[in-house]
Amino acid sequence: VQLQAYGGGLVQAGGSLRLSCAASGRTFSSYYMGWFRQAPGKEREFVAAISRYGGSTDYSDSVKGRFTISRDNAKNTVYLQMNSLKPEDTAVYYCAAGRDLNLRVIDYWGQGTLVTVSS
């Protein structure tokens with residue numbers, strides 16, 4: 001599986017962005033999908049995850065209520081809708097495919113897409 005993330009950019013605080021991650025291959029629905037992010041000088045951190053058919057989701061406390069993860073298995077794509085963005089959301093965002101909702105084991109990583117939130 002190859003993952004291609006896109007949709008990042010520069011946005012003002014309070015604005016919105018939607019990230020997308022397109023997957024190749026026929027086994028997309030076999031994987032739990034998620035998003036991680038890495039800010040400059042910080043470790044990569046979990047953002048959100050979604051179960052194989054979208055019935056369950058999980059979010060970090062820092063984005064809960066502002067971000068929404070979703071997926072379209074027919075399009076082999078996972079999305080991250082980000083609203084009410086804050087400067088502290090600035091980071092490189094990575095999509096990932098894993099084996100459970102906690103994404104403790106990541107099988108595939110996408111390349112990152114940069115999100116910059118200006119104050």
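Our subject is the structure listed above.
This is a predicted model, so every value here is computed, not measured. (Residues numbered from 1 in each chain as written. Predicted model: local features only at pLDDT ≥ 70, side-chain atom pairs only at ≥ 80, totals over all residues. Heavy atoms only, no water.)

Engineer: Quick rundown of the nonpolar core? Include the residues and the values.
Structural biologist: In this structure, Trp-35, Leu-80, Met-82 and Tyr-93 are the most contacted members of the largest nonpolar core, which totals 29 residues. The set of elements that each furnish at least two residues to this core consists of strand E1 (3–6), strand E3 (17–23), strand E4 (32–38), strand E5 (45–50), strand E7 (67–72), strand E8 (77–82), strand E9 (91–98) and strand E11 (113–118). Residues contacting Leu-80, with those up to four places away along its chain left out, are Leu-17, Arg-18, Leu-19, Trp-35, Val-47, Ala-48, Phe-67, Thr-68, Ile-69 and Tyr-93. In this structure, Tyr-32, Ala-49, Ala-96 and Leu-103 belong to the second largest nonpolar core, which totals five residues. (Core = buried A, V, L, I, M, F, W, Y, C linked by side-chain atoms within 4.5 Å. Buried < 20%, exposed > 50% of the residue type's maximum accessible area, 1.4 Å probe, protein only. Helix = DSSP H or I, 4+ residues; strand = E, 2+ residues; numbered from the N terminus. Contact = heavy atoms within 4.5 Å.)

Engineer: An account of the pairing of E7 is needed here, citing residue identities and associated values.
Structural biologist: Burial along E7 is one-sided: Phe-67, Ile-69 and Arg-71 are buried, while Thr-68, Ser-70 and Asp-72, pointing the other way, are not. Pairing analysis gives six bridges linking E7 to E8, with the strands arranged antiparallel. Pairing of Ile-69 across the sheet is with Leu-80, part of E8. From the end of E7 to the start of E8, which pair antiparallel, there are four residues, and Asn-76 there has a positive phi angle of about 55°. (Pairing = 2+ DSSP bridges.)

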